[in-house]
Every structure is written in structure tokens, then in C-alpha cells.
Amino acid sequence: MEKIGLYLGCNIPLKAPDIEQSIRQILPPLGVEPVDLEGAACCPAWGTAPSFDLDTWCAVSSRNITLAEEQGLDIMTGCNSCFGVLSEAKHFMEDGERRRTVNQKLAKINRSFEGTSDIYHIAHVLHKKVGMEKIREGLKFDLGGLKIAVQTGCHSLWPSDVYAVKEENPYQPTILKDLCEATGAEVPHYSRLGACCGMGGMRSTDMEKSLKLFKEKLVSIKEETDADMIVTTCSSCFLQFDMSQPILRERGEIDFEPLPTFYYTQLLALAMGCDPSQVAALSQIDRSAIIARIQDEQRLIKEVA
Amino acid sequence: MAKVGVYVCHCGSNIAGVIDVSAVRDYAETLPDVVIARKDLFMCSDSGQEMVKQDVRDGLVDRVVVAACTPRTHEPIFRAAIEKAGLNKYLFEMANIRDQASWVHGHDHEGATEKAKLVVASAVGKARHLEPLEDKFVDVTDAALVIGGGIGGISAALELANMGHKTFLVEKTPSIGGVMAQLDKTFPTNDCSACILTPMMVDAYNHPNIETLTYSEVDDVSGYIGNFSVKIRRKQAYVDWDKCTGCGDCAAKCPAKTPDEFNAGLSDRRAAFIMFPQAVPKKAVIDMDACINCGGREIGSEPKLNKKTGAPILAPCEKACPADAINRSLPLDPGGRIKEVEVGSIVVATGYQVMDKGWFKEMAPDSPNVITALQLERIISATGPTEGKLLRPSDNQKPKTITFVSCMGSRDANFHTYCSRFCCMYMIKQARLLKEKYPELVINMHFIDVRTAGKDYDEYYTGARRMGINFFKGKVGGLEMLPEDKLRVLAYDMESAESIEYASDLVVLATAVELPEDAQGLAQKLGLQFCGSNFFRELHPKLGPVETSTEGLFLAGCCQGPKDIPDTVSQAKGAAAAAAVPLAQGRVKIEPIISEIIPENCSGCGICVPLCPYDAIAMSEWAGTARAAIEMSACKGCGVCTSACPSGAIVLHGYEEDQIFAQIAALTSGGRNHAG
Amino acid sequence: MLVEQKKIDEAVATIIGFGGTGILNCVQCGACSAVCPGVKAGFPLLCRNLIRSLLNGQLEEIIEDSSSWGCQACNRCTEVCPQGVRPQEVVFAFRRYQANELAFSTSAVTSQMNLYETGHAVFTDPKELRRQVGLPEVPPTSAFNKQAQEEIQALIDNGPMGELGLF
Ligand SMILES: Cc1cc2nc3c(=O)[nH]c(=O)nc-3n(C[C@H](O)[C@H](O)[C@H](O)COP(=O)(O)OP(=O)(O)OC[C@H]3O[C@@H](n4cnc5c(N)ncnc54)[C@H](O)[C@@H]3O)c2cc1C
Ligand code: SF4
Ligand code: SF4
């Protein structure tokens, strides 16, 4: 089994542990063994060290990366922001001068950044290392007939020059689409596929602006796809879709019911037959109906059943 | 003993602004064999030159060193001056204290002055050993070759032919015309492109002095100015052009389809095709990459016989041709045939290509309604895929809103940093033509800034604003694919500092101008160099815009850099005039700064033969033994052989061993080596 | 507005010092602003317009503007910029300038405190939720790991963030 360092970040272990549970449950059957990075901290989030000092950012990120380097492992993140922050920091650390300065800081805590671990997003691991074939083989339920709108999220698309794994065309991302289609579901195109959801610094700085942006994206999804659910590989986007749809609905800004939203590994876990009370338990939007549809007996795949 | 005169130039403030010219002069006076050292504000001025001449005429000096700027531009001037005064012009040496001292060490006046002294000492060291040399002359073949049959090549060929010189016009596609033949109308007067181009194409083709060789490429070039031998590959057309009448019946019957290059891929053509209705010559070609060998009629095969009638089963093209120009039974050589011609000078006018939209990932390149400007040109052209009607590719419907996006791949560090120069103008042209024809059409144009330098050009642009065409300052950031094959334009308005979003039915990208892919190969064959923008490099960006570093080889049109038709034609006529000079003179001068083999010293080892980049050295017999010998007219004086010869048998005149050692000695001894 | 070279030089040097090293490459084409979610949402000083202000020497004049904190760090601007400016780096460099002058909203202080104390910018006690979904109550992160927290504190203390007097 291929080992990989599981970097959890903040949102997933603290606010959405059902996502963590889904990751832990789906990987071993797919031939990947997640190894905990004991003591891993925040990536650090854009609003913290990166907003104050480049070297402190690089030092905190590099410390996280060294946790994997020590074990000879690559890193897999679940959160897009973490993927972006760690990848950018690693990119900065390619500059020899920067590396020297930051390593001097790290020396104080008996660490040294070597640059030996690659940074992956879990979507990359599933897409490139596991592969569609194996994902299909692991399914218990076939999601044929269900319509999914995908949300890749900014931080695994741009800037493409700092990422170890990237989309062929970041403006027309296909990795998440492929992953969802592997479950049998249909993934129609919508025009604002690449648009930002408005989570992040924008939401904490100006909630109204964030909601305005989010609404445009949501309406594009609803009108152009009429999807049954939204699936994302970004834990921040997940929170925006899950928290902000009810707000818009309550204010009467949208005339449709909020679309249930899943983090991708939750969807996959459900399709693999995992227990929803463990892998998809926490959300503002009621997901019980769609979960029931996903795990409907009629969808059982014969060979596995 | 040589009598060396040193003349130090201030070059206004170019040199004197950094270097202490008097100090350099004083120093020069102390160098061995220097009899006179003077300085002047501008040595190249009349009075400056006169000063040198007078010293020569007075018999004061017999070797001249000018410490000034670059020999590239100024050596010929001073050589001519001393020759006029009666001295052999090769008894001259230049010390480039501008490029090598004042310009590069502008912040260190003292250091620059010291370095200038060294450079002068080195030049003096060499000058003391200079020997007189004599120019040599060879006869010239009175014929020219023009490569590329676009408006640039056609203009150059006509010019040369009208001056009375036999001219070969080589074009790689089946017809001459180039990109201009694909255009609808032309700015700034909006006259129809075909109407002004076709008569020129016919004139060139029928000109008694022009031999037009289309569907041909240059395979090999050898020789030198005045005497180039060129192998031209006449590609296999699989149609006998002596018989072909250009009726197009073969194309009408051919079932094999492939994208039509002339329509920029917007429609299909057949494997058997005539390039476009006004093609010159109007001849059919069978494109074997697309041909499906109907009825098993591979080239050179015997036809199968009809089981009933016993008649041979022919391919539709053969059957259709009323002139018997297609016979697939003949064992035609797929390589075509080689035609060898001798010419005295060559004009390269191989033009450009526009970038493909596929490069621009943010611009929804998969959408059929995102097109290049060249494609739009075909759409609005009467001979194009929609016969001139504005219909968008996805559904053949007339768009209501159309968007123009400038600078796609130009002024972009990811692709080309240069400005493609004529896109602003042709976008405005296209917008104006459309607005005239369809006043209700909404036209939004997005520019980083509008660049319309040229006679009557800015008026053309301001006129477009008055016509109700919308202009936005700000580069488009992307396109998003909307339902019904519309596109959401993600743009920005610099003036209001706000983002802009709207749905458009058709988006036109002004993609960058660049050299065609096969330019690299041609450059290798011809010895052309590339400039920083990856076009062919001219000899001098200001003073030698049509010449190249290879004598006898000239440039015209977009292969030297993006330019519109007026500029292309001007440059082509300039190139033709320059190319005609050696032909008109009947002989060309060979500078004596070339290598010579002293047969007595040559051991016949032959090491030098393959080293010469110009194939100027061959083994020949001398006193009954094999010896290397240099063809004087092919030698460029690069010196590779000289430095490689293990026997020291090769002399590079003008850079002889004692001269170079004297230079080195002067440099390494801080200029103080007074010996030798 | 007066054009004062001294102010322009100062603004440029400040931004480059804080990591916006590409600022002088900007040709003001506006492509970044065309795709910036922040500009679209209505933050006036991001991407091209922020760079314009900085290149006008308006560093102090805009110090209180909150636009930079609305930047998503999505880097779509970086992807489309034709001149390699990396506008997001300029936005963040300006943010760092603001932060080091303590010109930022107090609401941003909480996450700095969280990071410093727990190693997590976003911190809530997760034990109950984790138990509910069948995970060990304590995650394998710095959240309850004393040594990890001390390491983070050492890294922060030992840099400009530590000198701001927040912790
Ligand atoms: C959309 C668009 C609209 C335009 N509109 C206008 C306008 O309105 N007014 C205006 O002034 N300009 C316009 N232009 C610019 C115009 O096309 C050029 O100025 C002009 O075509 C340059 O001519 P050229 O002979 O240098 O190159 P080309 O037209 O490219 O001709 C070069 C020729 O050389 C041939 N060739 C290439 N390589 C070889 C080889 N190795 N061997 C042999 N032959 C070779 C090619 O097949 C071609 O026939 C427009 C350009 C575009 C893209
Ligand atoms: S990184 Fe910031 S400035 Fe750049 S496009 Fe995203 S939100 Fe705008
Ligand atoms: S895209 Fe780049 S060059 Fe253009 S305005 Fe933005 S930062 Fe400047």
C-alpha cells in the first residue's frame, strides 16, 4: 500500500471531522495508506502569517512540510487553501537565499527544510495515483442519473506554475469532473465553473460582497445545470456553499431550495457504502434526502452486493 | 618603421562625457611608433576626416588609428578617407572606446579612461604591423531569387524584373498572394484586397523576366554574393501543370476532405484542390496527406479492371479531368524534382503566420465561436466559407454582439513581448466594415491601448468611434462558455476602474504575428540569423533594414518583423533596389580580409576542410601533393581554419599572427610593452 | 494629485521589500482586474488599480483601505498577467505593509492569536464533533500538542510578527 502524509489543516479536523473520517475510510480500500503528521499546524492561512511576513509564512509552512520529509513521505492536503499555501511556500523556498534565512529560523526548533516532499491535493492522489478504474471498482452504489455541479476552487488552479500536479487547462478543470463521473453521476458544464465562491478573506472582510459573488455562481449552477448536489474538493468552498445558501434563501434572494453540498471524499465514501453518520454527518443544509438517494438499494452494484 | 597617427574622438558627450579624452590622447603619444596624436569633437565629421587626410597627405603618418565608436558603422568611412588621401585603406585600425569603455563603464570615469588607453594601445600595437592589402573582384550572375510570394515577394520580384534582371519567384504554396490574398478589404482606404492584389499577381506571373515557381521550396543554397547556386524543390503536385487548365473538375469530384488552410480551417477543401478562385497560377494540386486513393489508385499502380466491361477503374479525379492532367498510373516521385538556378542575390520574403487560438487557454478555445481575426477576415470575404455573410461558426446564425480582443500573445511575456503592430488597425477595419454593413450590430472592442501610428490611421480610428463602435481600455482576462454557444466576456474598463461582464455571440482574437514554423529550416539553409523577437535579423535596425549579415542576402516584409502592407511594399522595393546593386555592377568586391593557405607550409592533413562553415576549403593538388586551398570568394574571413591549422599554414589577412600578438602584448602589459 | 518621484520610489521600494517584486513590470493592461473576484465584488484597490495607486506614490494615502484584505489569494491575476507581475504578491505586499503598520481590522487579530496559541488559525474545540463521527477526540495536529505549539510560537516570536505586540 502506498503511504502518504495526511495533512489535515484546520477546518477539516476541527470543524468538519466527518470529512476527515471520509478520507480515512476511503483511502485504504483504494490502496493508499494515510500517515498522520503528528503536530501539524495551520498551513498558515492566508490571513495570518502570509499577511504579515513572507519568511514567517515560509517557516511555518516549511515546518509542516518537514513533518512529512522526516518520514520520507509526500504530503496530501484535503483543503485547497492549504494546498495553495504549502505549494507557494515550497516555491518560495526554491530561492536559495530565502531557504537559508528560513532554515536558520527552523534550526531554532531543530528542523531543516530539504524540499524532498511533493505537495498533493487529495483530488490529485485519487486522480493520478489511484485512478478512475480503481475508484469504479470500489463502488457499492452506482450514482447514474444523478447530476453533480462541481466546484474545484481557486487554490488548486492558480497560479499553475507553483503546483506539482496541475490541470491541463486550469480554466476548464477536469480532475474533479472525472472523479465525480467515475461514480456514474453526470457532471454538466456551467459557465461560472472557474469563478471564485467568495469564501476566504473576502467573506471575513465584507460579507455582503462575498454573498454577491457567491450568488452569481450559485445561480449559474442552478440555471445551467439544475444539479442534484454540489461537490467540491475545497473545504473552504464547502463551508461557503453549506453556510451561505441558507442565508440567501432566508433573505429571499434565491427562489430555490439550497443544493446539498459534499466534499468529494464524502460523496465517494457514500458511494462506497460508508456510514453517513460518520462520513457525512455535519452540515447546515439537510442532506438526508440526497444521501438516501445515493445509497438507494436500487443503486447497489450487483457484483459487490 | 611605421608612422602611426592616433585620433581620439569625443563623440560629443558619448565618449567625452565619461572618458578623459585629453588623457587618452596624451597617453597615445607615448606609445611606440606613434608620431602624432590628436583629438576632435566628432572625428567622423568633415573637419575630423580632413585632419586625418591632411596628415596622410603631408606624409606625417602611414598608419591610422581612430579611437572612437564601432567599426561596424564607421570603419568604412575612415577607410575611404585615408584611401582618398592616398594611403592603402587597410592600413587603418579602429579602437572602439565608446562601446567598450564609455558606454559600459559610465559610472566609473577613471576606470573607463584607463580602459580606453588599453584599447588604444592594443589598436596601435596592431597598426604597427599592418600591411597593405588589395581588394579583389569576381563576376556576378545577373539574376535574382525571391523566396516567398506574398505581397512582399511579389513587389520585390516585380521591381527587380522591371530593372531588367531575371528573377525567380519561389512560393511554397500552389499560388502566390500570401496572407493578403486571404483578406477582405484593406485599411485605411478599405479597398478590396483581391482587387488590388490580383493584377499584381498576374503581372508578376506574366512578366518576361520573372519565372514563378509555386509549390516549390528552397532545398539548398551554396555560394556567395554574386554567385549563389540554389536548388529549388518543385514539390510533387500529382497533376501535370502543363496540361492543367484550372477548371477545378477534379476538386469537384474528389471525396476526400481536409481543413482548408486558405479559409483558416473554417471550412473543408478536397484532397484535389485549387487554392482559391483567383489563384495564380490557377493549377490543381493533389494533397497526398489527405488523398484516400479512391479505387485503390495509389500513385504508380496499375488500375484494376471492371469485371464486366474490362475498362480500367480510375479515381474520380482522373476521370473528371478533361485535360488528361491526372494520371495516377505514372510512378511520380513524391519528392518532386529539383531545379537548379544560379543567382547573384537573394531576397527573403517568407512572411508570417498568426498564432493559433489554442494557445490561449483562458479564452475558451474549444468554443467554435471564438475565432482568430484571420478567420473573421475569411468570414467577411466574398470568397470565404459564408460568401461574405457574417455568420458565426457554431450555428450559422448572425451574431448580435461581437467582441474584439487585442494583444493575444503579443506584448505578453509568456508568448511574444513585441507588439504585432497591425492588429489594432485591422481590428478597427473589421469593426468598421461590419458596422457599415450591419448598423444594428453591437461591437465591443477591448484594447490595452489603441496603436494607430501611420498616415491616415488615427483618423481611421477616431472615425470608428464616431460610427458607434464601443472601445474599452483594458485587456480581456478570459471568456466563459455560456449556454447556446455564447461567451461571457470577462473584461475591465480602465477608465472607470470597474470590471465588465457581458454575453457575446462571437469573439475575435487578434493573435500575434510570428514566423512560420518552417522558418528555422530556411534560416539554416540561408545562414540567416534571428533577432530577439525571433524574426530574421537585419544587418542594422536603422541603417541596414533590408540587408543581412550575409552579403547578397536581403529581407522584405513580415519575415523581418510585423508590418502592414504599405510598410511591406516599401521594404520590398528597398530590398529589391539593394539586391539589384551587385547585379547592376556586374562584379562584386571581395574584401581582402580573408584567409590564405601557404602551400609550402601545409601538410595536407585536411583538418581545416570540414571546419569551414562556408565550405570554402577544398583539397587540391600542389606540386604533386595534396594541399588545402581556399576559394577566395567563398571565404568570409572568420578565421576558424587559421586557428585550427596545426602547421600554422593559414594566414588570415588583416589579423595576422604578429598583429594579434602585438595586440595581446599591449593589453597584458598595461599598454607599456614597447617592444616588437 | 502631485507626482512626486520621492513618494513613488518609496512606495515601490516598500512593496518590493514586502515581496511584491514584480511591481515595476506592470504595464497597466488591466487583465488581472478583469478576472479578480475582489474587483468584481467591488473592492476598489486590488490588482491593477492598487498597482496604479502605488506607482503614483500613494502609499500612505491608501493605508486604511480594506481592499487588500478582501483578496482571496486566488492568484487568478497571476495566471493571466502577461508581464509576470504576480499581482497577488503585490496585493499581499501591500497587506504586509498595512499589517506592519497595524492598519488592519481588529477582527483579524483573533486568528493571529489562535495561530499563536493552538497552531490553528481557525480554532474551535472539536472533541464532541469528532466523537460524534467516530474519530478520536484529539486530532493528530498541534491543537492539543504542547511541543508543536511551542515550535510555532518560536517561529512567530522570531520574526516581525512577534514584534507587533499582539501576543
Ligand atoms: C487578419 C489580418 C488582417 C489584415 N489586414 C490588413 C489590412 O487591411 N491592411 C494592411 O496593410 N495589412 C493587413 N494585414 C497585414 C498583412 O497581412 C501583411 O502586412 C502582409 O501579408 C505581409 O506580407 P508578406 O509578403 O511579408 O507576408 P505573407 O503575406 O505572409 O507572404 C509570405 C509568403 O511566403 C510564402 N512562404 C513562407 N515560407 C516560405 C518558404 N520557406 N519558401 C517559400 N515560400 C514561403 C508564404 O506561403 C506566403 O505566400 C492583415 C493581417 C491580418 C492577420
Ligand atoms: S489573488 Fe487577490 S488580487 Fe489576485 S485575482 Fe485573486 S482576489 Fe484578486
Ligand atoms: S495583468 Fe499584470 S501587467 Fe496587466 S495590469 Fe495586472 S499586474 Fe499589470
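Keep in mind it's a predicted model, so treat the numbers as computed, not measured. (Residues numbered from 1 in each chain as written. Chains lettered and ligands numbered in written order. Predicted model: local features only at pLDDT ≥ 70, side-chain atom pairs only at ≥ 80, totals over all residues. Heavy atoms only, no water.)

Draft legend 1. Seen up close, the overall build of chain C. When helices and strands are tallied, chain C shows 9 helices and 0 strands. Across its three principal axes, chain C shows a C-alpha extent of roughly 60 × 35 × 25 Å. When each of the 167 residues of chain C is scored for burial, the buried share is 60%. In chain C, the proportion of contacts linking residues at least 24 apart, taken out of those at least 6 apart, comes to 61%. For chain C, the exposed area adds up to about 6,500 Å²; of that, 52% sits on carbon and sulfur atoms. Taken together, the 13 basic and 18 acidic charged side chains of chain C have centroids lying 8 Å from each other. (Helix = DSSP H or I, 4+ residues; strand = E, 2+ residues; numbered from the N terminus. Buried < 20%, exposed > 50% of the residue type's maximum accessible area, 1.4 Å probe, protein only. Contact = heavy atoms within 4.5 Å. Areas by Shrake-Rupley, 256 points an atom, 1.4 Å probe, with all protein chains shown as cover. Lys, Arg positive; Asp, Glu negative; His and termini not counted. Charge placed at Lys NZ, Arg CZ, Asp CG, Glu CD.)

Draft legend 2. The interface of chain B and chain C, seen in detail. Of the residues lining the interface, 18 residues belong to chain B; the matching set on chain C comes to 16 residues. It is B:Lys475, B:Tyr492 and B:Met494 that lose the most area in chain B upon contact with chain C, and together they represent 34% of the buried surface on that side. Linking chain B to chain C there are 1 salt bridge. For B:Glu501, the salt bridge goes to C:Lys40, with nearest N and O atoms at 2.4 Å. Seen at the junction of chain B and chain C, the total is 5 residue pairs in polar contact (both at pLDDT 80 or more). Where the side of chain B that touches chain C is concerned, the elements lending two or more residues are strand S24 (478-481), strand S25 (487-493) and strand S26 (498-504) of chain B. The dominant element in the side of chain B that touches chain C, judged by the number of residues it contributes, is S25(B), at 3 residues. (Buried area = accessible area lost by both parts, 1.4 Å probe. Salt bridge = Lys/Arg side-chain N within 4 Å of Asp/Glu carboxyl O. Polar contact = N/O pair within 3.5 Å; in protein donor to acceptor, adjacent residues only side chain to side chain.)

Draft legend 3. Spatial organisation of the domain arrangement of chain B. Per the domain assignment, the segments making up chain B are domain 1 (4-133), domain 2 (147-218 + 342-351 + 518-581), domain 3 (353-514) and domain 4 (591-653). Each of domain 1 of chain B and domain 3 of chain B has a C-alpha centre, and the two are 56 Å apart. (Domains from an automatic or database assignment.)

Draft legend 4. Examining the site of ligand 1 more closely. Residues and elements named next belong to chain B. Inspection of the region around ligand 1 gives 35 residues, with Glu171, Tyr352, Lys429, Lys563 and Ile565 positioned closest. The contact in question runs from an oxygen atom of ligand 1 to an N or O atom on the backbone of isoleucine 151, over 3.3 Å. Glycine 152 has a polar backbone atom sitting 2.9 Å from an oxygen atom of ligand 1. Bound to the protein, ligand 1 loses 97% of the 1,000 Å² it would expose on its own. Residue assignment for the shell around ligand 1 shows that the elements contributing at least two residues are helix H7 (151-162), strand S8 (185-186), helix H11 (373-380), helix H12 (423-437) and helix H15 (565-585). (Near = heavy atom within 4 Å.)

Draft legend 5. Region of interest: the side chain of C:Gln28. Examined against the element boundaries, C:Gln28 turns out to sit in the loop between helix H1 (5-17) and helix H2 (31-35). Only 2.8 Å separates the side chain of C:Gln28 from the side chain of C:Arg48, close enough to count as a polar contact.

Draft legend 6. View of the state of the cysteines. Summed over the entire model, instances satisfying the criterion amount to 1 disulfide over all chains. Put simply, B:Cys192 and B:Cys195 are joined by a disulfide, and their sulfur atoms are 2.3 Å apart. Around the S-S axis, the bridge from B:Cys192 to B:Cys195 shows a dihedral of about 85° and counts as right-handed. Residue classification places B:Cys195 among the exposed residues on the basis of a relative accessible area of 52%. With no disulfide of its own, A:Cys234 has A:Cys237 as its nearest cysteine by sulfur position, at a separation of 3.5 Å. By relative accessible area, A:Cys237 is classed as buried at 5%. (Disulfide = S-S within 2.5 Å.)

Draft legend 7. The arrangement of the interface of chain C and chain A in detail. Listed by partner, the interface residues are 62 residues for chain C and 71 residues for chain A. Counting the surface lost from both chain C and chain A, the interface buries some 5,300 Å², and carbon and sulfur atoms represent 61% of this. Among the residues of chain C in contact with chain A, C:Gln72, C:Pro140 and C:Leu155 are the three that bury the most area, contributing 13% of the side total. If you look at where chain C meets chain A, you find 5 salt bridges. The salt bridge partner of A:Arg111 is C:Glu151, with a shortest N-O separation of 2.7 Å. The interface formed by chain C and chain A holds 28 residue pairs in polar contact (both at pLDDT 80 or more) in total. Where the side of chain C that touches chain A is concerned, the elements lending two or more residues are helix H3 (37-41), helix H5 (76-80), helix H6 (87-100), helix H7 (109-118), helix H8 (127-132) and helix H9 (146-157) of chain C. For the side of chain C that touches chain A, the leading source of residues is H6(C), giving 7 residues.

Draft legend 8. Layout of the nonpolar core. By size, the foremost hydrophobic cluster in this structure holds 145 residues, and its most contacted members are B:Leu145, B:Val230, B:Ile346, B:Val348, B:Leu376, B:Phe404 and B:Leu434. Judged by nonpolar contacts, the second largest core, of 98 residues, contains A:Val102, A:Ile109, A:Met202 and C:Ala108. (Core = buried A, V, L, I, M, F, W, Y, C linked by side-chain atoms within 4.5 Å.)

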